[in-house]
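Structure at a glance
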Amino acid sequence: MNDIRIEAIQTYLVDLPTIRPHKLSMATMACQTMVIVRMRHSDGIEGLGEGTTIGGLAYGPESPESIKRNIDTYLAPLLVGQPSGNVNALRARLARHARGNCIAKSALETALLDAQGKRLGLSVAELLGGARQAHLPVLWTLASGDTRKDIDEAFQRLDERRHCDFKLKIGANPVDQDVRHVAAIKEALGERAGVRVDVNQAWDEATAVRGIQALQDAGIELIEQAIPAREHAGLIRLANRFNVPMLADEAVQDARDGLDLVAGGFSGAFALKIAKSGGLFGALELVHVAQAAGIGLYGGTLLEGTIGTAASLHAWATLPEMAWGTEMFGPLLLKDDIVEKPLDYHDFGVELPREPGLGIRIDEDKFRHYSRPN
Ligand SMILES: O=C(O)C[C@H]1C=CC(=O)O1
Ligand SMILES: [Mn+2]
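For every chain, the first residue of its written sequence is number 1, and the numbers climb from 1 along that sequence. Chains carry letters and ligands carry numbers; both start at the beginning, A for chains and 1 for ligands, and go up in the order they are written. Local features are withheld for residues below a pLDDT of 70 in this predicted model, meaning they are given only at 70 or higher, and side-chain atom pairs are given and counted only at 80 or more; totals for whole chains, interfaces and linings count all residues. With hydrogens and water set aside, each side-chain value is computed from the structure's full complement of heavy atoms.

- The protein goes by Muconate cycloisomerase family protein in an unreviewed UniProt entry, where it is assigned to Halomonas kalidii.
- UniProt positions are given in the numbering used here, feature names are shortened, and annotations may be inferred rather than shown by experiment. UniProt, in the comment section headed Sequence similarities (unreviewed entry), describes the protein in these words: "Belongs to the mandelate racemase/muconate lactonizing enzyme family."
- UniProt annotates the protein under Cofactor (unreviewed entry) with the comment "Mn(2+)".

Have a look at this one:
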């Protein structure tokens, strides 16, 4: 087993249209661009990975093109020729020779775990010690930019029994307009659904105090990343000021950020994302800090497609039920897919794939159709 090596790593930019415009405070998406990693091993096994972000460079310091370029130029050469099976050793090798590039590293770690699982006949969740949840709750993000459309979409998702909790994207409009938008949706949904918001860093602290007070009065259950990521002290002040809990997302990339926030007196919740933590292991390290500190957990997405979403689900499945559920709806935002069998979304959640590795196979025709020429 130890003589099996990583033979080749290919990366592809894959563009899939969204079902509707998806409007966040920092970008509006009409298409999602995924970086798909196909990693071939000397025993013939192929590992799949995905590195995806939002709106080019609008969300963070990596873009689809930089993820692909940096894997091809710097990260893949660190892995090709190395023994396939020791994921921890390969993670350490990447960390030693390459700074940052967490989404790129997450895609590569996913491909290593997918291959190792296929090799051993184990799902990624089993590789990580076993799944405690086989069906994970999934909320939906309302982000059409139109209050009436969002209300109609929410009732449709409720009637389909696909989602019963909703996250609203705000921050692009004046705070009073945002609050009216959110209050109208919460008013329409009443007790049929939980409603939370994600400001994606758009407010300063004074605006956040005003906005959060109004949102708390409107019965909103969670406030995600109201102010800029690096303003940890401000987020801690907001957490201590309001009853409605704060969800740290861009502010908490990894366990070190988690420790800083907890040491500073933060209470509330952490959004987990394999992309921001450099992979599944990094996200689970943040989980351990949160659990030690009594901080709530939320399974977050960077709007990955099926491969990245499956990877996240295998990690979240190894945890006890998370206080705030998950938002692993990425594939549902896309008009089409590049896999043979989509994830099974039903009863307000999604089934964890059970087959070895990620449990996902590429549909080669769809993959060719949506991939940019290399
Ligand atoms: O939450 C984010 O920051 C990013 C992502 C998650 C859901 C969504 O619509 O955007
Ligand atoms: Mn967020």
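Here the narrative resumes.
1. Section: the overall build of the protein
- Counting secondary structure elements, the protein contains 12 helices and 13 strands.
- The C-alpha atoms of the protein give a radius of gyration of 20 Å, which matches the 21 Å a tight globule of 374 residues would have.
- With the principal axes as the frame, the protein shows a C-alpha extent of 60 × 45 × 35 Å.
- Only protein chains enter the accessibility calculation, which uses a 1.4 Å probe; a residue is then buried when its area is under 20% of its type maximum, exposed when over 50%, and partly exposed in between. Here the protein holds 374 residues, and 58% of them are scored as buried.
- When contacts within the protein are restricted to residue pairs at least 6 apart in sequence, those whose partners lie at least 24 apart make up 74%.
- Residues counted as positive are Lys and Arg, residues counted as negative are Asp and Glu, and His and the chain ends are not counted. Lysine's charge is taken at NZ, arginine's at CZ, aspartate's at CG and glutamate's at CD. Mean positive and mean negative side-chain charge positions of the protein (40 and 49 charges, respectively) differ by 3 Å. The way it works is that DSSP assigns letters per residue, a run of H or I at least four long becomes a helix, a run of E at least two long becomes a strand, and they are numbered from the N terminus. Each radius of gyration reported is based on C-alpha atoms, and the globular scaling rule is 2.2 Å times the count of residues to the power 0.38. In this description, contact between two residues means that some pair of their heavy atoms is separated by no more than 4.5 Å.

2. Some words on helix α2 (residues 87-97)
- When we look at burial in α2, the residues that qualify are Val87, Leu90 and Leu94. Angular distribution of buried residues about the axis of α2 spans 65°; they occupy a single face of the element.
- Buried-residue contacts for α2 involve β1 (6-23), α1 (64-79), α3 (102-120) and α10 (280-293).
- Here a polar contact means two N or O atoms within 3.5 Å. Within protein one must be a hydrogen donor candidate and the other an acceptor candidate, and residues neighboring in sequence count only if both atoms are side-chain atoms. Capping of α2 at its N-terminal end is provided by Asn86; its side-chain oxygen lies 3.2 Å from the backbone amide nitrogen of Asn88. When we speak of the arc, we mean the arc of directions from the helix axis to the C-beta atoms.

3. Some thoughts on the coordination of the manganese ion (ligand 2)
- Surrounding the manganese ion (ligand 2) are the protein donor atoms Asp198 (OD), Glu224 (OE) and Asp249 (OD), which sit 2.0 to 2.2 Å from the metal.
- Think of the donor list as every N, O and S atom within 2.8 Å of the metal, or within 3.2 Å for Na, K and Ca; water never makes the list, so a site can look incomplete. Binding-site remark: the manganese ion (ligand 2) is held by donors from one chain whose sequence spacing is D-x25-E-x24-D. Taken as a pair, Asp198 in strand β7 (residues 194-198) and Asp249 in the loop between β9 (246-248) and α9 (255-263) lie far apart in primary sequence, 51 residues in all.
- By relative accessible area, which is 0% here, Asp198 ends up buried.
- The buried category is assigned to Asp249, whose relative accessible area is 0%.

4. Description of the sheet that holds strand β13 (residues 349-351)
- Pairing between strands requires that DSSP locate at least two bridges from one strand to the other. As summarised here, the arrangement of the 3 strands in space is β4-β13-β12, forming an open sheet in which the pairing is antiparallel. Two strands lie at the open edges of the sheet, namely β4 (135-137) and β12 (345-346), each paired on one side alone.
- Pairing of β12 with β13, which is carried by 2 bridges, proceeds in the antiparallel orientation. Of the residues in β13, the one forming a bridge with His346 is Gly349.

5. Some details on the site of ligand 1
- Around ligand 1, a shell composed of 16 residues is seen, among which His22, Tyr59, Lys167, Asp198 and Asn200 lie nearest.
- The side chain of Asp198 places a nitrogen or oxygen atom 2.9 Å from an oxygen atom of ligand 1.
- In the environment of ligand 1, an oxygen atom lies 3.4 Å from a nitrogen or oxygen atom belonging to the side chain of Glu224.
- Here ligand 1 loses 100% of its free accessible area of 280 Å² to cover by the protein chains.
- In this classification, Asp, Glu, Lys and Arg are treated as charged, Ala, Val, Leu, Ile, Met, Phe, Trp, Tyr, Cys and Pro as nonpolar, and every other residue, Gly included, as polar. Classifying every residue of the shell around ligand 1 by side-chain character gives 5 nonpolar, 4 polar and 7 charged.
- The split into domains, and so the bounds of each, comes from an automatic or database assignment of domains. Shared between two domains, the shell around ligand 1 takes at least three residues from each, and those domains are domain 1 (6-124 + 363-370) and domain 2 (127-351). Throughout, the term near means that a residue has one or more heavy atoms lying within 4 Å of the molecule or strand in question. Only the protein chains shown count as covering a residue, and every accessible area follows the Shrake-Rupley method with a 1.4 Å probe.

6. A word on the UniProt feature "domain: Mandelate racemase/muconate lactonizing enzyme C-terminal" (unreviewed entry) in the protein
- The UniProt record annotates "domain: Mandelate racemase/muconate lactonizing enzyme C-terminal" (unreviewed entry) at residues 148-245.
- Between the end C-alpha atoms of residues 148-245 the distance is 27 Å, and the span holds 51% helix and 12% strand.

7. Here we look at the packing of aromatic side chains
- Within 6.5 Å between ring centres, the rings of Phe, Tyr and Trp (the latter by its six-membered ring) count as paired, and their orientation is classed by plane angle as stacked under 30 degrees, edge-to-face over 60, tilted in between. Scanning the entire structure with this criterion turns up 3 aromatic pairs.
- Geometrically, the ring pair formed by Tyr12 and Phe367 is edge-to-face, given 5.0 Å between the ring centres and 75° between the ring planes. Of the two residues, Tyr12 sits in strand β1 while Phe367 sits in helix α12 (residues 364-370), which places them 355 residues apart along the sequence.
- The exposure class of Phe367 is buried, given its relative accessible area of 6%.
- Criterion for a charge above a ring: Arg CZ or Lys NZ at most 6 Å from the ring centre, at most 35 degrees from the ring normal. Here the guanidinium or amino end of Arg38 rests over the ring plane of Phe367, the centre of that ring lying 4.8 Å away.
- The ring of Trp140 has Arg162 sitting right over it, with the charged end atom 5.0 Å from the ring centre.

8. Remarks on the confidence of the model for the protein
- Mean pLDDT over the protein: 98, with 100% of residues reaching 70 or higher.
- As a predicted assembly, this complex carries a pTM of 0.98 together with an ipTM value of 0.97. Residue-level confidence of the predictor, termed pLDDT, takes values from 0 up to 100.

9. Re the sheet that holds strand β6 (residues 165-169)
- Taken in spatial order, the 7 strands of this open sheet run β5-β6-β7-β8-β9-β10-β11, and their pairing is parallel. Each end of this open sheet is capped by a strand with a single partner; those strands are β5 (140-142) and β11 (296-299).
- Relative to strand β10 (residues 269-272), α10 is tilted by about 170°, and along the sheet it contacts β10 and β11. Interaxial angles span 0 to 180 degrees and are taken between N-to-C directions of axes, which are lines fitted to C-alpha atoms, for helices over the stretch in contact.

10. Comments concerning the pairing of β7
- Counting buried positions along β7 gives 5 out of 5 residues, so the element sits mostly inside the fold.
- In β7, alternate side chains face the same way, and those of Gly194, Arg196 and Asp198 on one face and Val195 and Val197 on the other are all buried.
- Sheet topology note: the β6/β7 ladder contains 5 bridges and is parallel. In the strand pairing of β7, Leu168 is matched with Val197.
- Taken together, β6, helix α6 (residues 175-189) and β7 constitute a β-α-β crossover, and its handedness is right-handed.
- Of the pairings in the sheet, the one linking β7 to strand β8 (residues 223-224) comprises 2 bridges and is parallel in character. Among the inter-strand pairings, Val197 is bridged to a residue of β8, identified as Ile223.
- Chirality of the crossover, the property in question, places the unit of β7, helix α7 (residues 205-217) and β8 among those that are right-handed. A crossover counts as right-handed when, viewed with the strands pointing away from the observer, the path leading from the first strand over the helix to the second turns clockwise.

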